[in-house]
Amino acid sequence: MAIASRPPAHARAPSARRACVRTLPRARAARLAGLAGALLLGVLIAARAAAVGPEALPSSRPAVVPPAPVVRVDAVYPPRQLAAGRSAEVVLAVTIDAAGSVTGVELLTSAGADFDEAARTAARAWRFRPALRAGAAVASRIRLPFRFAAPFELAPPPAPPRAPEPRRPQRTEPRVLEVTVLGRPSRPSRGASDFQLEVGELARVPRRNATELLQLAPGMLLTNEGGEGHAEQIFLRGFDAREGQDLELSVGGVPVNQAGNLHGNGHADLHFVIPELVVGLRVLEGPFDPRQGNFAVAGSAEYELGLARRGLTAKYGFGSFATQRLLALWGPPGSGPGTFGGAELLRSAGFGTNRDSTRATAMGQLEGRVGARGHWRLAGTAYATRYHSAGVLRADDVARGRVGFFDTYDRRQGGDVTRFSLAAELEWSGEQLTHGHQFFALRNSMRLLENFTGFLLDSQQPQQNLHRQRGDLIDLNNVGLTVGARGFGRWHGRLLGQRQELELGYAVRGDFVEATQYRNETATSVPYRLETAIDAELSDLGLYADANLRATNWLSLRGGLRAEAFTFNALDRCAVDSVAHPSRSNPPGDRSCLDSQDYGRYREPVARAATAATVFLPRVTLVVGPFFHLTASASLGRGIRSIDPIYLTQDVATPFASITAYEGGVAYARRLGWLELAGRGVLFGTQVDRDLIFSETAGRNTLAQGTTRRGWLAALRARAMILDLSGSLTQVHSTFDDTGLLVPYVPELVLRGDGTLHGALPRLRLRGQPLQGHAALGLTWVGRRPLPYGQRSDVLATVDGALGVAWRELELVRTLQNVLDRRYRLGEYNYASNFDAQGPPALVPARHFTAGAPRTLLLTLGITLGGQA
Amino acid sequence: MLPGIYVGQVRSALALDVLDGSPQPFTAAGEGLAEPARAAEVWLFGDEINAIDDPTVILDVAGVASREGRVFPFDGRLTIGRNRSLPPGDPALPGVNPLCKQRIVSPIPIELTLVEGGSLLLRVDPRPWFTNVDFSQLERVTDEPPLYQFRDDSTGEPERALYEGFRARLGVYSFEWRNVR
């Protein structure tokens, strides 16, 4: 018996640098060694004590061999200084211990907080063959200048190789260390919600995959209802971006969003990215940059790849649930961080029933110069995974003991994914004009089996033979080929005594997609109904103009216009699933896609729809400051999300979701001695005319009504030599425009904290070599999320930690996720389902959840070999 | 099933003595949402709502009917299985008459809002079951004592009338909600 209710409502950096190498007297070396293991204060004291030493060197000392760099890491031009576009030089005094490790970095010549920190960060990663006296390794101290060339300036030609300097017995001559850094320049900031994140030491915080790096940006929540190989579901500032449908994602400039994916138009899976190869991340929370294209609804995220450490690194990790991870990274010595290779193999039984997974990833990138003014880059990725998924559980079944917390209803759930991509990039820098082009091609495939509702949706159709509920398992297959290009031309000149910039650019892609979705019978796993079969050709051409205009050195206006044109051509191979007058002589029976003979008029069960749409998207940001370390900004912009091919209608102007966003914010940046502070405060609002809301019956997000969200965020990052802390708090109120009801599943309050403590371990040495250690912590707290029908989820709170120790080329890291071993519901839903094929079906919406992982340990041993230039 | 959202449900079986005129509570707890309900359903089945056959006795009646001085002792048992299946009028539409349609009495108008901890009560008025039954057409199965019997199918007029009366959406089934104080 049941009761029914109402209807449902980122250059070169150190281009030429001299290292004035001096060694310390034995007594000082010993003293330095004794202090090198101390914490921050200890390191500073040691470095300063060493600084007064060289001039006091007695002349009767034995012959000295200076330290030689083994691993050279280039400094990255600070993204925040790109707008100013200036050159700078930072000079550091670097203390090197008898093992060749950098144990102290002292600032001798400053060029401002950003450049100083960039130089420090790079210097800390350098490794040396230690200085030798009488053949014995000793501590030493060198002077290491880093020069930062403005992003658009012409690079000086490489200096010819120098003949080896003759060794002098007591004092060494300066040595030139030259490294050229190539890279993709960061974009001028678009306000307080433009987070150009340097991962840096925060990479030590445990993360399951590269997607979780997004959590460094405020307001991000990641969940996953589909298993280890399934793309993460992303929530950002009041949006349920699902698997990226509302967040434009790119890696190394190559788009990740899959246009036309049947599981969700714009589906984005970042599992192909090896986290150790991510050096930077720009998250722009809102559509405020004309470079942002399709799917930039809640914003965009750009992953920058690189490998700072040269040489060959191999890591093997093993841990809970029979998890094994093998990682190989290599960066040819003498090349910049933009040339690297990496491969990863992962296998795990998973933390509960039906959660096993296997994945393999390979990534590689080469870059070099084209003459004096240009550079090129080639990149490729390959990725494949196979996994099983536990899917959702009903909370009432768990409470009654009918199923366990980490159990599953349907062991067939899971899937497999492949992705292969190639990209080529060319860029030239002239006196006033820089221009570049990137071409890419990628192929992806995805099979996904999910069952959200059990036995509920297989309703009897008149033309079907009589049947019972056969099961609701979705068997989705999506194959896509994407080819595209993007490019820009950027001019800069001076006006009003200020540097002015204008950029014109394009982004074009074509997507060719074949997709099917079946429902499979529980008893036999054979498909019994074809729900969707669609072949689509989608094209997207975006043109933009972006200006960076400065009236004074404290007032900038940035923005412009983007025009987007879409064309769609989709063949729906299953357009007819019921007919008004089925043939008596040839009844349709249980066939899904029905041709029809309607009173003598025959029609095929297919329908083709072709249409097009254009849209103009203005975006502007006003930046005022800095004053007293504070910079204020206000931004306004429109964004767009194209429509799923399944919603196309012939010659009807393609509907798309249109987004209007606005915000005002303040950014704070200041260096207080050894402490660097950066903070943000933002008030924001967004309106979307067609939002996407999760539908358990479709197994994905489907079009819904318009929504509006308003909120605020606060973010802080504090960095010192041995400390890196990041925290953010975001609050947002997201409602439907028509009913005023809260948008379900979207978190209203998200708190995230990341922190690392790293440096030489005090008094701990092994064979005369100091031990380096680190500790890292990641905290997530999410308030009770609204669910359909007035329900609220549980609070989500997790603590992850890591401890690591490194000695010479070896490193041992222990990561622990869900340190407190709390049982928590990662995703929560409220809808009707019936997972009991026997007895009366459940029809009333009930709480469902996907289980969060229990305490998970991973022990990783790493070794780095080679690295000589 | 009805369009809209099901806001409450009791999935346990309920055996009712319909001669007790008081509203009767369900013996097991149900589940629901605190949302207003506008329509209700009664599902009359044994094992599975879509079963092609079902021997579960849904209705067991016995009594004495009288009219114009004539007395009709009667009994009858009613199941909803193959005996109630309706052949499709169009061979191209074999699924047009699934048995689940016959096993669900819907929609029954109601006006109530479920509240946590309250009780749903069901009252069944048997009188409309027999309103259109012509007992004189029942088959007399024994003479001593005399007994008339409803056959468990819908081939006869009285049987069809009882079956239709039993599944009437108006006048037979009514619901009440009792809040816990």
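Here is a short report on the structure shown in this document. Computed from a predicted structure; not experimentally measured. (Residues numbered from 1 in each chain as written. Chains lettered and ligands numbered in written order. Predicted model: local features only at pLDDT ≥ 70, side-chain atom pairs only at ≥ 80, totals over all residues. Heavy atoms only, no water.)

## Focus: the overall build of chain A
Check the secondary structure of chain A and you find 4 helices and 50 strands. The buried share of chain A, reckoned over its 869 residues, is 58%. Here chain A has roughly 33000 Å² of accessible surface; of this, 60% comes from carbon and sulfur atoms. (Helix = DSSP H or I, 4+ residues; strand = E, 2+ residues; numbered from the N terminus. Buried < 20%, exposed > 50% of the residue type's maximum accessible area, 1.4 Å probe, protein only. Areas by Shrake-Rupley, 256 points an atom, 1.4 Å probe, with all protein chains shown as cover.)

## Side note on the side chain of Gln24 of chain B
All names here are of chain B. Tracing the chain through its elements places Gln24 in strand E2 (residues 24–25). For Gln24, a relative accessible area of 16% puts it in the buried group. Each residue touching Gln24, except ones within four places of it in the same chain, is listed here: Ala15, Leu16, Asp17, Leu120, Leu121 and Leu122. (Contact = heavy atoms within 4.5 Å.)

## Looking at the interface of chain B and chain A
If you look at the interface, chain B gives 43 residues, while chain A gives 36 residues. Taken over both partners, the interface formed by chain B and chain A buries close to 3500 Å², and the fraction arising from carbon and sulfur atoms is 62%. Three residues, Ile5, Tyr6 and Arg11 of chain B, lead the burial of chain B against chain A; their summed loss comes to 18% of the area buried on that side. At the surface where chain B touches chain A, the tally comes to 3 salt bridges. In this assembly, chain B and chain A are joined by 6 residue pairs in polar contact (both at pLDDT 80 or more). Looking at the side of chain B that touches chain A, the elements that each hand over two or more residues are strand E1 (6–9), strand E3 (31–32), strand E4 (36–43) and strand E7 (104–113) of chain B. Here the side of chain B that touches chain A gets 8 residues from one element, more than from any other, and that element is E4 of chain B. Across the side of chain B that touches chain A, the residue classes break down as 28 nonpolar, 7 polar and 8 charged. (Buried area = accessible area lost by both parts, 1.4 Å probe. Salt bridge = Lys/Arg side-chain N within 4 Å of Asp/Glu carboxyl O. Polar contact = N/O pair within 3.5 Å; in protein donor to acceptor, adjacent residues only side chain to side chain. Nonpolar A, V, L, I, M, F, W, Y, C, P; charged D, E, K, R; others polar.)

## Notes on helix H3 (residues 113–124) of chain A
An α-helical turn contains 3.6 residues, so a residue and the one three or four places further along point in the same direction. Residues and elements named next belong to chain A. Between its first and last C-alpha, H3 extends 16 Å over 12 residues, near the 16 Å set by a 1.5 Å rise per residue. When you tally the buried positions in H3, you get 9 out of 12 residues, the bulk of the element. Elements in contact with the buried residues of H3: strand E5 (88–96), strand E6 (102–109), strand E10 (140–148), strand E36 (657–672), strand E37 (675–688) and strand E40 (707–719). (Expected span 1.5 Å × (residues − 1).)

## What about unusual backbone geometry?
In this chain, Ser106 of chain B is followed by Pro107 of chain B through a cis amide linkage whose omega measures -5 degrees. With respect to the secondary-structure elements, Pro107 of chain B resides in strand E7. Positioned with a positive phi, Arg237 of chain A is a non-glycine residue whose angle comes to about 45 degrees. Within the secondary structure layout, Arg237 of chain A lies in the loop between strand E14 (233–236) and strand E15 (239–240). Take Arg237 of chain A: its relative accessible area is 6%, and that puts it in the buried class. The phi dihedral of Phe321 of chain A falls on the positive side, at around 60 degrees, and the residue is not glycine. When you line up the elements, Phe321 of chain A lands in the loop between strand E20 (311–319) and strand E21 (323–331).

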